[in-house]
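# Structural description and commentary
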Amino acid sequence: MHMQNNVLILDFGSQYTQLIARRVRELNIYCEIHPFNKSIKNIDNYKAVILSGSPFSVRAEDAPHPDLSKIKTKKPLLGVCYGAQYLSHHYGGKVEPSNIREYGRANLSEISENELLFEGIENGSQVWMSHSDTITKLPENGVRLASTKDVTNAAYRIQGEDTYAIQFHPEVYHTTYGKNMLENFLVKIAKIEQTWTPAAFVDTTVAELKEKLGNDKVILGLSGGVDSTVAAVLLHKAIGKNLYCIFVNNGLLRKNEFQNVLDQYEDMGLNVKGVDSSNRFLDALKGIVDPELKRKAIGRVFIEVFDDEAHLVEDVHWLAQGTIYPDVIESVSATGGPSATIKSHHNVGGLPDFMKLKVVEPLRMIFKDEVRRVGAQMGIATDLLGRHPFPGPGLGIRILGAITAEKVKVLQEVDAIFIDGLKKWNLYNQVWQAGAMLLPVNSVGVMGDERTYEKVVALRAVESTDGMTADWVNLPYKFLQETSNLIINRVKGVNRVVYDISSKPPATIEWE
Ligand code: XMP
């Protein structure tokens, strides 16, 4: 796929590998991440190779030792951090434990003049270091390109080759000119054209889908989220009415969500069927308190409902999914060997046997921010594309303890006041995800002269980039005050509102 401008990123297990890929893609250059210990097919299709960082020391026996004989001297090659050390260690240089461990900010000095890699980059500019070994001797034919106060060999190249190495991390935001260095490497040195744009992605993907699917019918479960929506619109462009979308109401969606989103899908011209199975889900959840059992019950009923609906579409061969790249990248574990860390949340491998359909995943090679750009390119409304993530089990995992229809109603009202307020105060887009939790405790209050004994709700708003780590948002007190008043005055059964000020880790975003 998209081979004409392909960059290979060999992953040695660094936490920043995906960031390298995102920076490269931001330069409108397509790239793929592959684990170092899997053999790479069609190496000729790649225009350049980047070696990632790693939690390993090159001096450790079990450290990654890839065979670069098909790459080095044959393709433009950039080693980053571990990658830079590896290119020294194995080719005549020396890597030793550093006296001063360098983590965090450093400043470039002694940048060599007239070097393509550093074109436009100033002495003194900030870079981000994260390493405990240091390159004490350059490899054969190594030419130093830059230093920092504590690291003499902060960057080098190999004379007579397009091989470059940098000790710091160009992919992180804190390296001021990091993206420029990547651009210099990919565009000036490797001479790759910057043609990977959302429009190009839409064109090639639609063409590929047309070819792959022909006149076949495809079913797709819409969730109201960004990924399934963008996947549906791409498929719709390719195969029109042969895409059968199913949007299931599990009874645990936000207030009015089912109807509003269904209307939006219909306005987009999608062939969509809304299926209200609220009661079926609520019946299956009756009395279940354990969060994982709730997830299982919701997942099981979803598959049953979806399967019933799928059987109504005759002669269907394909199931489409909104799987995105972070869900399919094979990760390299710090204990060696490849490990597929598959998040139980996501749908990878979630195809039930009895459905026996082939899977089509138009977004499986792109990141979330790219999904949004592709969606915008196809004219999907910004409010749909900018929606906060919402968990598949919905309010089911925000009602702590057993779920009832009454509790769902209460939480929907609370959640709607909170979310509408965020929008009204222009805070919605500053927050990565927000929602309310209905706690399984009653607290005492007074309303008028009456003593009340009613439910407590917790509001949660976090900032994050991918949900893996998150911090609570410092929402204005005035906003919290107004929201709390509105909730307590308008939602019957709630007499206390608290705001969650826990970060992830150690807490999680959801309470269950
Ligand atoms: P946690 O609570 O693990 O949440 O910090 C991280 C992100 O994942 C979402 N989440 C889920 N999404 N099914 C989903 O589709 C689930 O079971 C599930 N649990 C958590 C959560 O909303 C947040 O965005």
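Residues numbered from 1 in each chain as written. Predicted model: local features only at pLDDT ≥ 70, side-chain atom pairs only at ≥ 80, totals over all residues. Heavy atoms only, no water.

## Focus: the packing of aromatic side chains
Here is the rule: Two aromatic rings, drawn from Phe, Tyr or Trp (for Trp, its six-membered ring), form a pair once their centres lie within 6.5 Å of each other, and the interplanar angle then sorts them: stacked below 30 degrees, edge-to-face above 60, tilted otherwise. A run of H or I in DSSP counts as a helix once it spans at least four residues, and a run of E counts as a strand once it spans at least two, with each numbered from the N terminus. Only protein chains enter the accessibility calculation, which uses a 1.4 Å probe. A residue is then buried if its area is under 20% of the maximum for its type, exposed if over 50%, and partly exposed in between.
Here the structure, examined in full by the defined rule, presents 14 aromatic pairs. Plain terms: the ring middles of Tyr82 and Tyr86 are 6.2 Å apart, the flat faces sit at 20° to each other, and that makes the pair stacked. Taken together, the positions of Tyr82 and Tyr86, both in helix 2 (residues 82-89) and four residues apart, correspond to about one turn of that helix. With respect to burial, Tyr82 and Tyr86 carry one shared label: buried. Ring plane angle 80° and centroid distance 5.7 Å describe the contact between Trp196 and Phe201, whose orientation is recorded as edge-to-face. By the burial criterion, Trp196 is buried, and Phe201 matches it. Aromatic rings pair up to connect Phe12, Phe36, Tyr82 and Tyr86 into one cluster.

## Let's talk about the nonpolar core
Our working definition: Among the buried residues, those of types Ala, Val, Leu, Ile, Met, Phe, Trp, Tyr and Cys that are joined through side-chain atoms within 4.5 Å form a nonpolar core. Here, residues are in contact when the closest pair of their heavy atoms is within 4.5 Å.
Membership of the largest hydrophobic core comes to 83 residues, with the highest contact counts inside it found for Ile50 and Phe118. Contact partners of Ile50, with chain neighbours within four places excluded, come to Val7, Leu8, Ile9, Leu10, Ile20, Val24, Leu78, Val80, Leu182 and Phe185. Counting 48 residues, the second-largest nonpolar core is a separate cluster that includes Ala297, Phe306, Val431 and Val491.

## Digging into the sheet that holds strand 7 (residues 142-146)
The strands that make up a sheet pair up through hydrogen bonds in the backbone, lying either parallel or antiparallel. Basically, it comes down to this: Only strands that DSSP links by at least two bridges are regarded as paired with each other. A fitted line through C-alpha atoms serves as each axis, taken over the contacting stretch for helices, and the angle formed by two N-to-C directions is quoted from 0 to 180°.
In spatial order, the strands read 2-1-3-4-9-8-7; together these seven strands make up an open sheet with mixed pairing. Every interior strand has two partners, whereas the edge strands, strand 2 (31-35) and strand 7, have only one. With strand direction ignored, the average angle separating the axes of adjacent strands in the sheet is 20°. Relative to strand 9 (residues 163-166), strand 8 (residues 155-158) runs antiparallel, the two sharing three bridges. Directly across from Ala155, in strand 9, lies its bridge partner Ile166. Against the sheet, helix 2 contacts strand 3 (46-51), strand 4 (77-80), strand 8 and strand 9, and its axis sits at roughly 110° relative to strand 4. Strands strand 1 (6-11), strand 3, strand 4 and strand 9 of the sheet are contacted by helix 3 (residues 178-189), whose axis makes an angle of about 155° with strand 3.

## Some words on the site of the ligand
The criterion, for reference: Near residues are defined by distance, with any heavy atom within 4 Å of the molecule or strand qualifying the residue. Definition of a polar contact: a pair of N or O atoms within 3.5 Å, with one able to donate and the other able to accept a hydrogen when the atoms are protein atoms, and with sequence-neighbouring residues admitted only if both atoms are side-chain atoms. Values of accessible area rely on a 1.4 Å probe in the Shrake-Rupley scheme; residue burial ignores everything except the protein chains shown. Gly counts as polar in this scheme, as do all residues outside two lists: the nonpolar Ala, Val, Leu, Ile, Met, Phe, Trp, Tyr, Cys and Pro, and the charged Asp, Glu, Lys and Arg.
In the vicinity of the ligand lie 13 residues, with Arg295, Gln433, Lys504, Ile509 and Glu510 positioned nearest. Within the side chain of Arg295, a nitrogen or oxygen atom sits 2.6 Å from an oxygen atom of the ligand. Backbone polar atom of Ile509 to an oxygen atom of the ligand: 2.8 Å apart, as the coordinates give it. Notes on the ligand: free accessible area 490 Å², of which the protein chains cover 83%. Of the residues assigned to the shell around the ligand, the class counts are five nonpolar, five polar and three charged.

## Things to note about empty space enclosed by the protein
To keep it simple, the criterion reads: Throughout, the protein atoms alone are placed on a 1 Å grid, and a set of points is a cavity if a 1.4 Å probe fits but cannot get out or a pocket if it is open with protein on both sides within 12 Å along at least five of seven lines; lining residues have an atom within 4 Å of a point. Grid points are joined across faces, edges and corners, and a volume is the space filled by probe spheres set on the points.
Inspection of the entire model under this criterion finds one cavity of 30 Å³ or more. Counted as a void, the largest cavity has a volume near 80 Å³. For the largest cavity, the full set of lining residues is Arg25, Asn28, Trp196, Thr197, Pro198, Phe201, Ile366, Glu370, Arg373 and Val374. Contributions of two or more residues to the lining of the largest cavity are made by helix 4 (198-213) and helix 10 (368-377). Of the residues forming the lining of the largest cavity, the biggest block, three residues, is contributed by helix 10. Residues of the lining of the largest cavity, tallied by class, amount to five nonpolar, two polar and three charged.

## Overview of helix 13 (residues 477-490)
In plain terms, the rule: How far a helix is expected to stretch is found by multiplying one less than its residue total by 1.5 Å.
If you check helix 13, its first and last C-alpha atoms are 20 Å apart, about what 14 residues at 1.5 Å a residue would give, namely 20 Å. Elements in contact with the buried residues of helix 13: helix 12 (405-424), strand 18 (450-463) and strand 20 (494-499).

## Quick look at the side chain of Thr483
Note that Thr483 resides in helix 13. Setting aside chain neighbours within four positions, we find Thr483 in contact with Ile417, Phe418 and Leu459.

## Concerning unusual backbone geometry
Cis geometry marks the peptide bond from Lys504 to Pro505, where omega comes out at -15°. Structurally, the position occupied by Pro505 is in the segment after strand 20. Cis geometry marks the peptide bond from Pro505 to Pro506, where omega comes out at 5°. The phi angle at Thr73 is positive, at roughly 75°, despite the residue not being glycine. You can call Thr73 exposed: its relative accessible area is 53%.

## Some words on the pattern of salt bridges
Stated formally: Salt bridge criterion: a side-chain nitrogen from Lys or Arg within 4 Å of a carboxyl oxygen from Asp or Glu.
Counted according to the given criterion, the structure contains 26 salt bridges. One salt bridge connects Glu413 with Lys409, and the closest N-O pair in it is separated by 3.1 Å. Note that Glu413 and Lys409 are positioned in helix 12 at a spacing of four residues, about one turn of the helix. Judged by relative accessible area, which is 22%, Glu413 ranks as partly exposed. Connected through shared salt-bridge partners, Arg280, Arg300, Glu304 and Asp308 make up one network.

## Remarks on the side chain of Glu32
What counts here: Counted as positive: Lys and Arg. Counted as negative: Asp and Glu. His and the chain ends are not counted at all.
By the secondary structure assignment, Glu32 is in strand 2. No salt bridge forms around the buried Glu32; measuring N to O, its nearest opposite-charge neighbour Arg25 is 6.6 Å away. A polar contact is formed between the side chain of Glu32 and the side chain of His34, at a distance of 3.1 Å.

## Quick word on the sheet that holds strand 16 (residues 358-360)
A sheet is described by the order of its strands in space; here five strands give the open sequence 12-11-10-13-16, paired in parallel fashion. Only two strands of the sheet have a single partner each, and these edge strands are strand 12 (272-276) and strand 16. With direction set aside, neighbouring strand axes in the sheet form an average angle of 30°. Alignment of strand 11 (residues 243-249) against strand 12, held across five bridges, turns out to be parallel. By the bridge assignment, Val248 is partnered in strand 12 with Val275. Here helix 6 (residues 257-267) sits on the sheet in contact with strand 10 (217-222), strand 11 and strand 12, set at roughly 170° to strand 12.

## Digging into the environment of Arg490
Position of Arg490 among the secondary structure elements: in helix 13. Arg490 sits in the exposed class, given a relative accessible area of 62%. When the C-alpha atoms of Arg490 and Ile417 are compared, they prove to be 9.2 Å apart, with 73 residues separating the residues in sequence.

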